[in-house]
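Read off the chains here:
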Amino acid sequence: MGRLITEGLRTICGGPFSFSVEHGECVAISGPSGCGKTLLLRALADLDPAEGRVRLNGEDRAEMPAPLWRRRVGWLPAESAWWFDRVGDHFLKSQRSKVEGRRSGEQKLPMLGDVASTLGKLGFGEDVLEWRVERLSTGEKQRLALFRLLLNEPEVLLLDEPTAALDRTHIHLAEEVIASYLKTTAASVLWVSHDPDQIARVADRHLQLWEGA
Amino acid sequence: MNSIIELSPFDLSLAALLVVALAWVSRKLQLKIGGRLLLSAVRTVIQLSLIGFVLKALFESTEAGWVALMALVMILAAGREVRARQKHRLRGPWSFGIGLSAMFISSFAVTVLALAVMIHAEPWYAPRYAIPLLGMLLGNTMNGVSLAVNQLTQNVRSQRAVIETRLALGQTKSEAIDDIRRESIRTGLIPIINAMAAAGLVSLPGMMTGQILAGNLPADAAKYQILIMFLIAGGTGFGMLVAVWMTSHRLFDDRDRLRLERLTISD
């Protein structure tokens, strides 16, 4: 049985999509701009109304409160949004307790390992939590948004061009962090990318979208 | 009681010249608002002259049914006005309905409370108190309510990415929109807070001025003005809470999705 199964999913501009993604599998999605890749991810995260069924480990998402679904099926938008002044304030209360728990040395993220080491792997020191959002570059925001998403420990990652704003070094860092997250948690990934080399590096399977089909 | 100096039509025409002059200047400056300015000036003349006759008849009859009808017309007009002041309004009957409920709470309920509990008019719906009081509350709370709802919908539109990111991280609709909601309510409360702070020092509010012109003792007029200010503050606040709460809920669906297409694009 597949982990994430969609049946007859219709987004605003395309479908029906029926496919499944297995545990620990990384599926790349590519296709020309405007063919509905982002809309597909949004529909999977239940952020746009869509017809059809989506199940996670056999559980229908209609049976589950939407916020819970989104925590388990985590969407990383192409452009990250920040709303507080301080970077560290953007981690939800449940997350913040983990972050602050790390400081007192008690709690570790069961799946993600040590928060500090994950931040390190993404190229940040611990002090980044005290940084002000306005001094972040687009690439730093993108890496921190990935970190913010992983703190939720989602079972499925929906990544919309997660490395588009990164330089070569940081692309590899981000790919490694995602790969090791997959390995330790057996999470599934849908990865929208325009880069054939990246798709060859990270994906087990490749879906191509044409005009929403 | 010394009676008020009567204004002749000539005096009013002199005042009207000011508006005409302003319309002429705005035409020269291509502000494209001269037409609307003149139109609303004409509306003021017609509406206020008519209401003069209506009130005269109403005060003589003191029939509860007529007072209720008058109040109903005023509230409906206010609900429509709140809706008209939105740049982006909810589609369908929602925007009018929400404006109407907010005005009902902010003005109708507060007026009834004031008449019955504080003023002790006899009967409590005596039109000489009820109608001016209701009108004043409607006129003033309308500003705060429409300001707050306008702020809410504008911010939701401009901060769509933020709201959706928060939703995507597993926040509920209330958590995702809470900051915006609080900000809108603060914005809506600012005019009445400013009005209360400036009352008497910078501005003499209209009702008090009217009473003083009519020959009442300034100290008595002040008491009424204080009452009115408090009623406006309370009415604005509670009406706004309801309007902002209802609007923000209507912006999401039962799966906590942000549904911006429920707002009109713009006028």
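Residues numbered from 1 in each chain as written. Chains lettered and ligands numbered in written order. Predicted model: local features only at pLDDT ≥ 70, side-chain atom pairs only at ≥ 80, totals over all residues.

A. Seen up close, the overall build of chain A. If you tally the helices and strands in chain A, you get seven helices and nine strands. Looking at the 213 residues of chain A, the share that counts as buried comes to 37%. (Helix = DSSP H or I, 4+ residues; strand = E, 2+ residues; numbered from the N terminus. Buried ≥ 20, exposed ≤ 12 C-beta atoms within 10 Å, placed from the backbone.)

B. Structural context of the nonpolar core. Core analysis: the biggest nonpolar cluster contains 90 residues, and Leu158, Val189, Leu190 and Trp191 of chain A together with Leu134 and Val145 of chain B have the highest contact counts within it. For this core, the leading source of residues is helix α5 (residues 127-158) of chain B, giving 13 residues. Contact partners of Leu134 of chain B, with chain neighbours within four places excluded, come to Ala71, Met74, Ser107, Phe108 and Thr111 of chain B. (Core = buried A, V, L, I, M, F, W, Y, C linked by C-beta atoms within 7 Å. Contact = placed C-beta atoms within 7 Å.)

C. Geometry of the sheet that holds strand β9 (residues 205-208) of chain A. Residues and elements named next belong to chain A. Taken together, five strands build an open sheet; the order of strands is β6-β7-β8-β3-β9 and the sheet is parallel. A strand with exactly one partner marks an edge of an open sheet, and here the two such strands are β6 (73-76) and β9. Taken over all neighbouring pairs, the strand axes of this sheet differ in orientation by 15° on average, direction set aside. Pairing of β6 with strand β7 (residues 156-160), which is carried by four bridges, proceeds in the parallel orientation. Directly across from Val73, in β7, lies its bridge partner Val156. (Pairing = 2+ DSSP bridges. Axes fitted to C-alpha atoms, helices over the stretch in contact; angles between N-to-C directions.)

D. Structural detail: the interface of chain B and chain A. Taken residue by residue, the interface counts 14 residues in chain B and 19 residues in chain A. In terms of residue count, helix α6 (residues 160-168) of chain B provides more of the side of chain B that touches chain A than any other element does, six residues in total. For the side of chain B that touches chain A, the class distribution of residues is five nonpolar, four polar and five charged. (Nonpolar A, V, L, I, M, F, W, Y, C, P; charged D, E, K, R; others polar.)

E. Here's a closer look at the domain arrangement of chain B. All names here are of chain B. One can read the domain layout of chain B as domain 1 (7-61) and domain 2 (63-262). Its C-alpha centre places domain 1 at a distance of 26 Å from the equivalent point of domain 2. In this complex, domain 1 contributes four residues to the contact, which on the side of domain 2 involves seven residues. Per-class residue counts for the side of domain 1 that touches domain 2 are three nonpolar, one polar and no charged. (Domains from an automatic or database assignment.)

F. Examining unusual backbone geometry more closely. Of note, the bond from Glu122 of chain B into Pro123 of chain B is cis; its omega dihedral lies within 30 degrees of zero at -10°. Along the chain, the position of Pro123 of chain B falls in the loop between α4 (94-119) and α5. For Asp46 of chain A, which is not glycine, the phi dihedral falls at a positive 65°. Residue Asp46 of chain A is classed as buried on the basis of its C-beta count, with 23 C-beta atoms lying within 10 Å. With a phi angle near 55°, Asp256 of chain B is a residue other than glycine that sits in the positive phi range. In this structure, Asp256 of chain B sits in the segment after α9 (218-250).

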